[in-house]
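# Results of the structural survey
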Amino acid sequence: DPDRTLLENYAFKTTAQLNDRIRPEFLYFRGEKVKNGRGASPLRAPETTWDQQGPTPLVKGQVNVVASNNLFMNARVGYVGNGFGFTPLGGDASAYRDAGRVRRGNYYVYATDRPDWSGHVDGNWFRGRHEITFGGSVRHTRDDETFEYPGNGIDSLHDSSFATTRTMQAWL
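This text gives an overview of the structure that appears in the document. (Residues numbered from 1 in each chain as written. Predicted model: local features only at pLDDT ≥ 70, side-chain atom pairs only at ≥ 80, totals over all residues. Heavy atoms only, no water.)

## Notes on the pattern of salt bridges
Note the cut-off: Salt bridges, as used here, are contacts in which a Lys or Arg side-chain nitrogen is within 4 Å of a carboxyl oxygen on Asp or Glu.
Scanning the entire structure with this criterion turns up eight salt bridges. Residues joined by salt bridges that share partners form a network here, namely Asp113, Arg142 and Asp144.

Encoded structure:
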């Protein structure tokens, strides 16, 4: 199958020098990856392939401050969305593998949301030949995931030869 990947990325960045002591900066990036038919293989029928979708936004704000002749400070905050999902083309059909172990009907649905927030402040204080560097940061990350089989919610193997053999063994 041909690779049907579409990447749409948008970015914006601005920096300003408000005066000789303050310089703010802002960045916005949005990365969208759409991939239709992901996961195709000889053991996966077309209806079990996924459509992948995002997007992943990234936002960052920063300010540099010259507080005095011997004190420089920097503060920044950021956010990354990190969410995406896989939707199988089979709709609500139940997932199963046939006797040749080829996946049919459907495949699992997967979605994840992994937002990441961070903040950081640091500074440098100078006195003669000495320097003191200080700062701190905080970060909050979460990972929420959904994983499910549509239809009856079971991934089963259909193998009539195995069932017949097993029945015969039980009968003997």
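Now, onward.
## Brief notes about unusual backbone geometry
Stated precisely, the cut-off is as follows: Starting at the N terminus, helices and strands are each numbered in turn, a helix being any DSSP run of H or I of at least four residues and a strand any DSSP run of E of at least two.
Cis geometry is adopted by the peptide bond preceding Pro55, which originates at Gly54 and carries an omega value of 0 degrees. On the secondary structure map, Pro55 appears in the loop between strand 3 (50-53) and strand 4 (56-68). Positive phi values are uncommon outside glycine, yet Asn82 reaches one of about 50 degrees. Take Asn82: it is sitting in the loop between strand 5 (71-80) and strand 6 (83-88). Here the phi dihedral of Arg101 falls at roughly 65 degrees; this positive angle occurs in a residue that is not glycine. Residue position: Arg101 is located in the loop between strand 7 (96-97) and strand 8 (103-104).

## Quick notes on the side chain of Gln62
Applied cut-off: We call two residues in contact whenever any of their non-hydrogen atoms come within 4.5 Å of each other.
For Gln62, the location among the structural elements is in strand 4. Leave out the neighbours within four places in its chain, and Gln62 touches Arg23, Pro24, Glu25, Asn74, Ala75 and Arg76.

## Quick notes on the nonpolar core
In summary, soluble globular proteins display a tendency toward joint burial of nonpolar side chains. For clarity, the cut-off: Throughout this description, the term nonpolar core refers to a set of buried Ala, Val, Leu, Ile, Met, Phe, Trp, Tyr and Cys residues connected via side-chain atoms within 4.5 Å. When a residue's accessible area, from a 1.4 Å probe over protein chains only, is under 20% of the maximum for its type it is buried; when over 50% it is exposed; and in between it is partly exposed.
Among the nonpolar cores identified, the biggest contains five residues, and these are Trp50, Phe86, Tyr107, Tyr108 and Tyr110. The residues contacting Tyr107, other than those within four sequence positions of it, are Arg44, Thr48, Trp50, Pro88, Ala95, Tyr149 and Pro150.

## Description of the side chain of Arg44
How we decide: For the charge count, each Lys or Arg is scored as positive and each Asp or Glu as negative, with His and the chain ends excluded. Whenever a nitrogen or oxygen atom comes within 3.5 Å of another N or O atom, the pair is scored as a polar contact, on the condition that within protein one atom can donate a hydrogen and the other can accept it, and that pairs from neighbouring residues in sequence are kept only if both atoms are in side chains.
Its place among the elements puts Arg44 in the loop between strand 2 (22-38) and strand 3. As a buried residue without a salt bridge, Arg44 has its nearest oppositely charged side chain in Glu47, at a separation of 9.4 Å. Separated by 2.4 Å, the side chain of Arg44 and the backbone oxygen of Thr48 make a polar contact. With near-sequence residues (within four places) excluded, Arg44 lies in contact with Arg38, Gly39, Thr49, Trp50, Val102, Arg103 and Tyr107.

## Structural notes on the sheet that holds strand 13 (residues 156-157)
Put simply, the rule reads: The criterion for strand pairing is that DSSP finds at least two bridges linking the strands in question.
One open sheet holds the three strands; their spatial order is 8-7-13, and the pairing between them is mixed. Each edge of the open sheet is held by one strand with a lone partner, namely strand 8 and strand 13.

Remember, this is a structural readout, not a statement about activity or role.
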